[in-house]
Amino acid sequence: MFRLLNSAAYRIAFTYSAAFVLTMVPLGVAVYCAADANFKRQESTHITEETAGLLREFDQDGRAGLSDAIGEREVGNTITNLGYALFDAEGRRIAGGLNTPRPPPGWHDIVFVDPHEGSDAARALATELPDGTRLVVAVDREGVERIDATILSLFSMALVVVLIIGMVGALLLGAYLRRRLSHLSGTARIIMAGDLGRRMPVSARGDEFDQLSVTLNAMLDRIAALLDNLRQVSSDVAHDLRTPLARLRNQLERALGDTGNPRAALEQAIAQSDELLALFAAILRISEVEGGALGRAFARIDLSQLMIDLGESYAPAVADGDRTLECAIAPHVVVNGDHELLVQAVINLLDNAQRYTPPKTRILLRLAAADGNTRLTVADNGPGVASADRERMVRRFGRLEASRSTPGHGLGLNLVAAIAAIHRAELVIEDNGPGLRVSLLWSRIAA
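Worth saying up front: this structure is predicted, and the values here are computed from it rather than measured. Once a new chain begins, its residue numbering starts again from 1 and follows that chain's sequence as written. For this predicted model, a pLDDT threshold of at least 70 governs which residues receive local features, and a threshold of 80 or more governs which side-chain atom pairs are given and counted, while totals over whole chains, interfaces and linings are taken from all residues. Only hydrogens and water are removed before side-chain values are computed, so all heavy atoms of the structure are retained for them.

### Brief notes about helix α9 (residues 412-422)
Phase 1 of the analysis: Most of α9 is tucked away, with 9 of its 11 residues classed as buried.
Phase 2 of the analysis: Buried within α9 are the following residues: L413, N414, L415, V416, A417, A418, I419, A420 and I422.
Phase 3 of the analysis: R424 occupies a position one or two residues after α9 and carries a positive phi of about 55°. Buried, partly exposed and exposed residues are distinguished by accessible area as a fraction of the type maximum, computed with a 1.4 Å probe on protein chains only: under 20%, between the cut-offs, and over 50%, respectively. In DSSP terms, a helix is any run of H or I states spanning at least four residues, a strand is any run of E spanning at least two, and both are numbered starting from the N terminus.

### Comments concerning the sheet that holds strand β11 (residues 426-431)
Phase 1 of the analysis: Judged by pairing direction, the sheet is mixed, and its 5 strands sit side by side in the order β7-β9-β10-β12-β11 without closing on themselves. The sheet is open, and its two borders are formed by β7 (324-329) and β11, each paired with just one other strand. Taking the axes of each pair of neighbouring strands and ignoring which way they run, one obtains an average angle of 15° across the sheet.
Phase 2 of the analysis: Both strand β9 (residues 362-370) and strand β10 (residues 373-380) contribute to a ladder of 8 bridges, which runs antiparallel. Its bridge partner lying in β10, L367 is registered against L376.
Phase 3 of the analysis: The contact definition used throughout considers only heavy atoms, calling two residues in contact when any of these lie within 4.5 Å. In this analysis, axes come from line fits to C-alpha atoms, helices being fitted only over the stretch in contact, and the angle between any two N-to-C directions falls in the range 0 to 180 degrees. Relative to the sheet, helix α7 (residues 339-355) contacts β7, β9, β10 and β12 (436-442), its axis offset from that of β10 by approximately 30°.
Phase 4 of the analysis: Sitting on the sheet, α9 is in contact with β11 and β12, with an inclination near 135° to β11. Pairs of strands are assigned from DSSP output, requiring at least two bridges between the strands.

### As for the nonpolar core
Phase 1 of the analysis: To qualify as a nonpolar core, a set must consist of buried Ala, Val, Leu, Ile, Met, Phe, Trp, Tyr and Cys residues joined through side-chain atoms within 4.5 Å. One finds L303, M307, L376 and W442 to be the most contacted residues of the largest nonpolar core, which totals 39 residues.
Phase 2 of the analysis: Looking at this core, the elements with two or more residues in it are α6 (303-320), α7, β9, β10, α9 and β12.
Phase 3 of the analysis: By residue number, the principal contributor to this core is α7, which donates 8 residues.
Phase 4 of the analysis: If we skip the residues at most four places from it in the chain, M307 touches I329, V346, L365, L367 and L376.
Phase 5 of the analysis: By size, the runner-up hydrophobic cluster in this structure holds 15 residues, among which are L82, A95, L135 and V139.

### Points about the side chain of S213
Phase 1 of the analysis: Looking at the secondary structure, you find S213 in helix α4 (residues 208-257).
Phase 2 of the analysis: At 3.0 Å, the side chain of S213 forms a polar contact with the backbone oxygen of P201.
Phase 3 of the analysis: Contacts of S213, omitting those with residues within four sequence positions, involve L184, M200, P201 and V202. N or O atoms closer than or at 3.5 Å make up a polar contact, with two conditions inside protein: a donor-capable atom paired with an acceptor-capable one, and, for residues adjacent in sequence, both atoms drawn from side chains.

Spelled out as structure tokens, the structure:
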């Protein structure tokens, strides 16, 4: 038994059963007391009515008529357990078979002598008559006592039955809870042992355990995705750093071997070092955004004015690259977010639109709001990206073959995706026919 109580599942089940049984006790006491009070009230009513009838006999026929009426009632009284007695002024019983001392006037619990059972208890009403005699009408409590005993016996048996059913139910419920929990804990141990592809069992019932399993599976999927991303980042960092580090080493070796003028080689090495530092700064920035801490400092931002200012400041740089920047900004669009992060996201999109498109390309910065949705878009009419490559574009260090010859490390769109996620926006990459269209979509945000 003590081993069962060590299990939380069995403790919950036994506690529930004990609470149910304890609820039955006051309920049974209340039923017993209510029934006993009702039977006593019926007895009192019966005695009062019987006394009133005998008083009418006394008023009509005097003491003699009262004595005759008592005799007739005792002969016919085989069911009601009523007893009668008429006492004179000296306390002698002059009529009736109720063998008891004369009680004072009023209601009393008396003891009388039963010819068959000896002393017995009764409820009595004694009434003083005008001629000095005293009428006593009593009812034997044996019937009510038998009913009370029957109620107690039935309640005791019901309590025992409920207790047995509760114990059995507690054992079954505890076993069920323990079995369901053991499936979860067993699967968790398998995952801890290294099988990261295993998931919590989910039945078709859809109960609380299944909802917990679905939540845990979503958490495990997220952890698996993070681990995959970590492995990818580790591999990509090693791959992307190999070439610049090798180049940096070669430049330093040339500087060492150039006894005449090593300054040019050292300047190239410094530039290469700055590029590596910029790479690590971008990785740290993405990690900072993905951590979510920046989201706690969000405020309401006039996105319309922010995009107008950004378009005006960025248009000359785009024009210098022999491209055109057009802006279509809807007024009074407000979102909850971080000013610097939103600017960083749009700048990354505009940089990509310049870097990977030919001259004479038209770039469009659009902000639109309708039906509670806000869409911030950077689009171009350049060569575009095949639909099969769009998912790879967002990955960290994800670079397409066509962009290998251009500077960069494949972190721009990954940072944009992290910024979109922390702003609860969806990053949407679509074909612009021709060209590419990248949007940040806020759903159900009032313009």
